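# Examining the three-dimensional arrangement
Each chain, letter by letter, is given below.
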Amino acid sequence: MTGSNESTPPASRAALERHIADTPVTGTPAEMRRAFARLCGAQPPLRTARICGVPCAVAGEGEVAAIWLHGGGYVFGGAESHGRVAAYLAGLVGGQVILPLYRLAPEDPWPAPLEDAQAVLDAQEGAVAVIGDSAGGHLALHLAFARPGCIGRLVLISPNTDRSGQSRCRGANSAHDLMNDDAQDQYLADLAFGGFADSSVAASPLLGPLEGLPPLFLTCATNEVLLDDALLLARAAALAGVPVE
């Protein structure tokens, strides 16, 4: 079951902006986890399952349609933040959406999340779609690298792809992005990837073997900290022969 929260974020943009400003995701990892749950608001109850030892929240019925790898900088997030979108997607596609509750940093830094995602994907029959937002997009890319041919379609929402210095939007868009800024992104990365250089594929999957990726759908906004992360990946993947939308 998901954790319960006291409020649901308001619907209007102005009210939502106030809600985000009034709910900073700061402090210790435990404090950030609680704040992120408050920020995301009440979530629907999802059933739980252990898939190859990995705890998962599951939305929908029928065949498995997708695995959603949640964002949260590898430090926070889960059913208490992404249950609603998983349930919404399950209703759209008429199948199950699995939300792996992968291990989080700093208690379990990289590659623990990848090991958990691999275990969940390995338990599926046939190629399924994999969706990832933010850090979950980073994780989805690494999952595609590790399991070529096992993912039917890769859907990345504002993916975190590059710490090697190619992005020019991380600092420039920090003042405009309501949900993220370069300083916090770096802090979370240090917790999750402290043993890996920014120029490593582990930290920057933009530098990885993109030619083996499945068909790729990318989306982001023009004022995001992670805008260049998406644009750089779109260009590099297309040049590597990957169908990109």
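Provided above is the structure to which this section pertains.
Residues numbered from 1 in each chain as written. Predicted model: local features only at pLDDT ≥ 70, side-chain atom pairs only at ≥ 80, totals over all residues. Heavy atoms only, no water.

### Topic: unusual backbone geometry
Here alanine 105 and proline 106 are connected by a cis peptide whose omega angle stands at 5 degrees. Tracing the backbone shows proline 106 in the loop between strand 4 (96-100) and helix 4 (112-122). Cis geometry marks the peptide bond from tryptophan 110 to proline 111, where omega comes out at 15 degrees. Inspection of the secondary structure puts proline 111 in the loop between strand 4 and helix 4. Even without being a glycine, tyrosine 74 presents a positive backbone phi close to 65 degrees. Here tyrosine 74 shows up in the loop between strand 3 (64-69) and helix 3 (79-93). When its relative accessible area of 3% is taken as the criterion, tyrosine 74 is described as buried. In this structure, serine 158 takes a positive phi of about 45 degrees despite not being glycine. In this fold, serine 158 is placed in the loop between strand 6 (151-157) and helix 6 (169-172). (Helix = DSSP H or I, 4+ residues; strand = E, 2+ residues; numbered from the N terminus. Buried < 20%, exposed > 50% of the residue type's maximum accessible area, 1.4 Å probe, protein only.)

### Re helix 1 (residues 13-21)
Among all positions in helix 1, only Ala15, His19 and Ile20 are buried. Down the axis, helix 1 shows its buried residues gathered within 140 degrees of arc, on one side only. Facing away from the buried side of helix 1, by more than 90 degrees, are the exposed residues Arg13, Arg18 and Ala21. Buried residues along helix 1 sit in contact with helix 2 (29-40). (Arc of directions from axis to C-beta. Contact = heavy atoms within 4.5 Å.)

### Points about the pairing of strand 1 (residues 47-51)
In this structure, strand 1 lies alongside strand 2 (residues 54-59), joined through five bridges in antiparallel fashion. Counted as the bridge partner of isoleucine 51 is valine 54 from strand 2. (Pairing = 2+ DSSP bridges.)

### Structural notes on the pattern of salt bridges
The final tally for this structure, using the stated rule, is 10 salt bridges. Measuring nitrogen to oxygen at the nearest pair gives 2.8 Å for the salt bridge that ties arginine 33 to glutamate 107. Within this pair, whereas arginine 33 is found in helix 2, its partner glutamate 107 is found in the loop between strand 4 and helix 4, the two being separated by 74 residues in sequence. For arginine 170, the salt bridge goes to aspartate 185, with nearest N and O atoms at 2.5 Å. Taken as a pair, arginine 170 in helix 6 and aspartate 185 in helix 7 (residues 182-193) lie far apart in primary sequence, 15 residues in all. Owing to a relative accessible area of 7%, aspartate 185 belongs among the buried residues under this scheme. One connected set of salt bridges, linked through shared partners, spans Arg163, Arg170, Asp185 and Asp229. (Salt bridge = Lys/Arg side-chain N within 4 Å of Asp/Glu carboxyl O.)

### A closer look at the sheet that holds strand 7 (residues 216-219)
Taken in spatial order, the seven strands make up an open sheet running 1-2-4-3-5-6-7, and their pairing is mixed. Lying at the two open borders of the sheet, with one neighbouring strand each, are strand 1 and strand 7. Ignoring strand direction, the axes of neighbouring strands in this sheet form an average angle of 25 degrees. In this sheet, strand 6 lies alongside strand 5 (residues 128-133) in parallel orientation, the contact comprising six bridges. Residue pairing for strand 6: glycine 132 is matched across the bridge by leucine 156. In this fold helix 8 (residues 227-239) packs onto strand 6 and strand 7, with an angle of close to 155 degrees to the strand it touches most, strand 7. (Axes fitted to C-alpha atoms, helices over the stretch in contact; angles between N-to-C directions.)

### Overview of the pairing of strand 4
With five of five residues buried, strand 4 lies mostly within the body of the structure. Here strand 4 shows two buried faces, one formed by Gln96, Ile98 and Pro100 and the other by Val97 and Leu99. Pairing of strand 2 with strand 4 involves four bridges; the strand directions are antiparallel. Bridging across to strand 4, valine 58 finds its partner in isoleucine 98. Here three bridges tie strand 3 to strand 4, and the two strands are oriented parallel to one another. Looking at the pairing, valine 64 lines up with glutamine 96 of strand 4.

### Quick notes on the state of the cysteines
Per the stated rule, a full pass over the model turns up zero disulfides. Looking at the unpaired cysteine 52, the closest cysteine sulfur is the one in cysteine 56, lying at 9.1 Å. Since its relative accessible area comes to 1%, cysteine 56 is described here as buried. (Disulfide = S-S within 2.5 Å.)

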